[in-house]
Every structure is written in structure tokens, then in C-alpha cells.
Amino acid sequence: MINKGIILAGGTGSRMSPLTKAVNKQLLPIYDKPLIFYPLSILMLSKIKDILIIVNKGQLDQYKKLIPNGKNLGINLSFIEQNSPRGLPEAFILGEKFIGKDNVALILGDNFFYGQGLTSVLLKSKKIKKGAKIILHKVLNPELYGVAKINSKNKIIGIKEKPKENYSNYAVTGLYYFDNKVIEYSKKLKLSKRNELEITDLLKKYLKKKQIKYELLGRGGAWLDTGSIEDFYKTSNFVASIENRQGLKIACIEEIALKNKWIKKRNIENAIKFYGNCEYSKYLKKIISL
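Residues numbered from 1 in each chain as written. Predicted model: local features only at pLDDT ≥ 70, side-chain atom pairs only at ≥ 80, totals over all residues. Heavy atoms only, no water.

Engineer: How do you make sense of unusual backbone geometry when you look at a structure like this?
Structural biologist: Most peptide bonds are trans, and most residues other than glycine sit at a negative phi. One non-glycine residue, asparagine 154, adopts positive backbone phi at about 60 degrees. As for its placement among the helices and strands, asparagine 154 is situated in the loop between β9 (146-150) and β10 (156-161). (Helix = DSSP H or I, 4+ residues; strand = E, 2+ residues; numbered from the N terminus.)

In C-alpha cells, the structure reads:
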């Protein structure tokens, strides 16, 4: 069972420069909420209460103005500053003290997940005791992603980064669940040609030991990577379309906390005061008036 989660919100955001020269990408808006709310909501939907956010050096104060310590959400929130990005597995090295002897989930700060049945996939995934579990999503352009090859017995038999040939179109999304061995394995990784520790190399260690499983985000699910300007605004438009049609908000972290019974209505009232007169606050008022 996994009760700890890490959000990797560092990185330079170079593909979105000059917007990201002064502000971290995860603090930019996806429709009506900062991007960081979306990965945070995924961990909260997984009923993970101990969360570490890894941020760029010098940007910690920006995050603490938005989500100071997690008490308002009934969670335990901590931060670590990253001097410079050195690949995804570095999150487990930086977060070693936070992880301790526990298993851990990792979600990338610029990944967006949505779909019917998503919560059940998350809750099922967090139950792992040994090995690793990844979330896969079928894509048309597998050459842009790390992908997993699945055999006729529904087992992962290979993982490849941005394959040029027709290898597989099951993309490995930015949401991972690992046992405690992930710290040891990450420390043993060698830097790639990009001078980074590669998540694909880490997953291959679990694959070699036949200790990696997967959950498939089905046809009704959406996984979007907001790494580029185009993808960022596509995601924003997607959220706007869903919210304006349904009247429900995606990634309303206070609503999730209330449904998890981590907070009470008075905490929502405090949140309304904190956010001020805005559409997000109006939605929170609807929640506590029901």
C-alpha cells in the first residue's frame, strides 16, 4: 500500500519560454486553476495524504503563497528545492528522507489525467506491496514517448524511449507507483547522453526482475502532457469545455479533501476567504450549500 507521493514540479520549462523565465510552469493557469492543482488532485484522489513537492531553486516562496503546508486540505505537505533538473529518478534520491521505508508514488507536475473510472484505477494502483506499477495510455504518436510493449498474456515484455520503429503505442504516462527499492535502484543509475537519470532505465530494472505491472487508462480517459505551449492550451481548452458543460470542476482540491473527509465545511469557508471573489470561490460556495 502506498501512502506517500511526490510531485516533480522542477525543470526549466524551456519549451514554454519566455513565459517560464519568471514563473514556474506548474504555477501557470490551466483554465481557472494553476497547473500544480491537477497532479496534486490525482494524489489526493489516490487518498495519499503525505505529499512532497520538488520545486526549482528560488521558487519555493511562490508555491507557499498558494499551498502553504497542506493543513487547509487535511494533508501533510512538504517541499524540497532542486538545484537543477537531472531526470525523473532524482526525485527518489532527493526525497529519500521523505520516503523513509515506505513505498511511494510519483507524478510529474505537468501531467493531466481525467476520465470516468480514474479514481478506481488510482486506488487499485496504490495497493502494490512489491515492484512497480505504471499507467499506460494508447497514443497515435508513440515516437514522442516512452512506451511499453505488452504480450498476449497482458504482461510488459519491453520498455523503450521514443521508438522510431513500430514497437508499441502504449505510452508510459507520468504517473508511477514504486516499492521502497526505488531509492536503491535510482542511486545505481548512470547518467544518460542527456546527462540525466532516465525513468526508462529505472523501469527496466523492475522489468528485468519481472516486477512491473500496469493499469490501462481506457478509451474514456484522457492523459495530456502540458510540456509545450500548444499542449498547454489544448489542455486548458479541454478543462474549460468539460467544466462549462457539466458545471463541475476538475481538480478542485478542497472538494476532494471534503469528500475524503479530511476537512470540514469551515475549512472551505476559510478557502473562500483566501481565494477571494472569483469563480473558484463561487464553486466552493456551491459545495458547502448543498
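Here the narrative resumes, following the displayed structure.
Engineer: What is the right way to look at helix α7 (residues 199-208) in this model?
Structural biologist: Residue pairs spaced three or four apart in an α-helix point in one direction, given the helix's 3.6 residues per turn. Residues of α7 that are buried: Ile199, Thr200, Leu202, Leu203, Tyr206 and Leu207. For α7, the angular spread of the buried residues around the axis is 160 degrees, confining them to a single face. As for α7, its buried residues are in contact with α3 (90-94), β8 (132-138), β10, β11 (170-178), α6 (181-188) and β12 (212-216). At the C-terminal side of α7, lysine 210 shows a positive phi close to 55 degrees. (Buried < 20%, exposed > 50% of the residue type's maximum accessible area, 1.4 Å probe, protein only. Arc of directions from axis to C-beta. Contact = heavy atoms within 4.5 Å.)

Engineer: Can you help me understand a positive patch on the surface in this one?
Structural biologist: Among the surface-exposed residues, Lys153, Lys155, Lys210 and Lys213 lie close enough to one another that they form a single positively charged patch. Looking at the secondary structure, you find lysine 155 in the loop between β9 and β10. Among the residues examined, lysine 155 registers a relative accessible area of 55% and is labelled exposed. (Patch = residues over 30% accessible without salt bridge, like charges linked within 9 Å, V, L, I, M, F, W, Y side chains within 5 Å. Areas by Shrake-Rupley, 256 points an atom, 1.4 Å probe, with all protein chains shown as cover. Salt bridge = Lys/Arg side-chain N within 4 Å of Asp/Glu carboxyl O. Lys, Arg positive; Asp, Glu negative; His and termini not counted. Charge placed at Lys NZ, Arg CZ, Asp CG, Glu CD.)

Engineer: Would you explain the nonpolar core in this entry?
Structural biologist: One recurring pattern in soluble globular proteins is that nonpolar side chains are buried together. Ranked by size, the top nonpolar core spans 51 residues in total, and within it Ile7, Ile36, Leu40, Met44, Ile51, Ile53 and Ile67 carry the most contacts. Each residue touching isoleucine 7, except ones within four places of it in the same chain, is listed here: Ile36, Pro39, Leu40, Leu43, Ile51, Leu52, Ile53, Ile54, Ile107 and Gly109. Of all hydrophobic cores here, the second largest spans 32 residues; its members include Ile6, Ile156, Phe178 and Leu203. (Core = buried A, V, L, I, M, F, W, Y, C linked by side-chain atoms within 4.5 Å.)

Engineer: Teacher, can you tell me more about a nonpolar patch on the surface here?
Structural biologist: Residues Leu19, Ile229 and Tyr233 make up a contiguous nonpolar surface patch of about 250 Å² in total accessible area. By the secondary structure assignment, leucine 19 is in the loop between β1 (4-8) and β2 (29-30). Looking at leucine 19, the relative accessible area reads 38%, which means it is partly exposed.

Engineer: Whenever I open this one, the packing of helix α10 (residues 265-275) against helix α11 (residues 279-289) confuses me. Can you help?
Structural biologist: Two packed helices can be described by the angle between their axes and the distance between those axes. One way to put it is that α10 packs onto α11 with a least axis distance of 9 Å and a crossing angle of 165 degrees. The pairing of α10 with α11 is recorded here as roughly antiparallel in orientation. Between α10 and α11 lies a crossing whose hand is left-handed. Between α10 and α11, the residues in contact are Lys265, Ile268, Glu269, Ala271, Ile272 and Tyr275 and Tyr280, Ser281, Leu284, Lys285 and Ile288, respectively. Broken down by class, the residue content of the contact of α10 with α11 amounts to 7 nonpolar, 1 polar and 3 charged. (Axes fitted to C-alpha atoms, helices over the stretch in contact; angles between N-to-C directions. Parallel < 35°, antiparallel > 145°, perpendicular 65-115°, else oblique. Left-handed = near helix turned anticlockwise from the far one by under 90°. Nonpolar A, V, L, I, M, F, W, Y, C, P; charged D, E, K, R; others polar.)

Engineer: Help me out: how do you make sense of the pattern of salt bridges in this one?
Structural biologist: Oppositely charged side chains can pair when the atoms bearing their charge come close. Scanning all chains against the criterion turns up 18 salt bridges. We note a salt bridge from lysine 33 to glutamate 243, for which the minimum N-O separation is 2.7 Å. Of the two residues, lysine 33 is situated in strand β3 (residues 33-34) and glutamate 243 in helix α8 (residues 229-246); the sequence distance between them amounts to 210 residues. Both residues of the pair, lysine 33 and glutamate 243, belong to the buried class. The salt bridge partner of lysine 124 is glutamate 215, with a shortest N-O separation of 3.6 Å. Taken together, the positions of lysine 124 in helix α5 (residues 118-125) and glutamate 215 in strand β12 put the pair 91 residues apart, joining distant regions of the chain.

Engineer: Please explain the pairing of β11 as it appears in this structure.
Structural biologist: For a regular strand, side-chain orientation follows a simple rule: the groups alternate between the two sheet faces. Buried residues dominate β11, accounting for 8 of its 9 residues. Note: β8 against β11, 6 bridges, orientation antiparallel. Across the sheet, the residue bridging to alanine 132 is phenylalanine 178, located in β11. (Pairing = 2+ DSSP bridges.)

Engineer: Even after reading the chapter, I still don't get the pairing of strand β5 (residues 76-82), so can you show me in this structure?
Structural biologist: The pairing of strand β4 (residues 50-56) with β5 spans 7 bridges and is parallel. Of the residues in β5, the one forming a bridge with valine 55 is glutamate 81. Crossover handedness for the path β4 to helix α2 (residues 60-66) to β5: right-handed. (Right-handed = clockwise from strand over helix to strand, strands pointing away.)

Engineer: What is the right way to read the state of the cysteines from this model?
Structural biologist: One covalent bond between the sulfur atoms of two cysteine residues makes up a disulfide. Considering all chains together, one arrives at 0 disulfides under this definition. The thiol of cysteine 278 is not disulfide-bonded; the next cysteine sulfur, from cysteine 252, is found 10 Å away. The class for cysteine 278 is partly exposed, based on a relative accessible area of 26%. (Disulfide = S-S within 2.5 Å.)

Engineer: I'm lost on the layout of surface pockets in this one. Help?
Structural biologist: Empty space among the atoms becomes apparent when a probe as large as a water molecule is rolled across them. The volume enclosed by the second largest pocket comes to roughly 570 Å³. Taken together, 22 residues make up the lining of the second largest pocket; nearest its centre are Leu45, Tyr114, Thr119, Lys249 and Ile250. Among the secondary structure elements, those contributing two or more residues to the lining of the second largest pocket are α1 (37-45), β7 (111-115), α5, α8 and α9 (253-259). The class makeup of the residues in the lining of the second largest pocket is 12 nonpolar, 7 polar and 3 charged. (1 Å grid on protein atoms, 1.4 Å probe; cavity = no way out; pocket = protein on both sides within 12 Å on 5 of 7 lines; lining within 4 Å. Points joined across faces, edges and corners; volume = space filled by probe spheres on them.)

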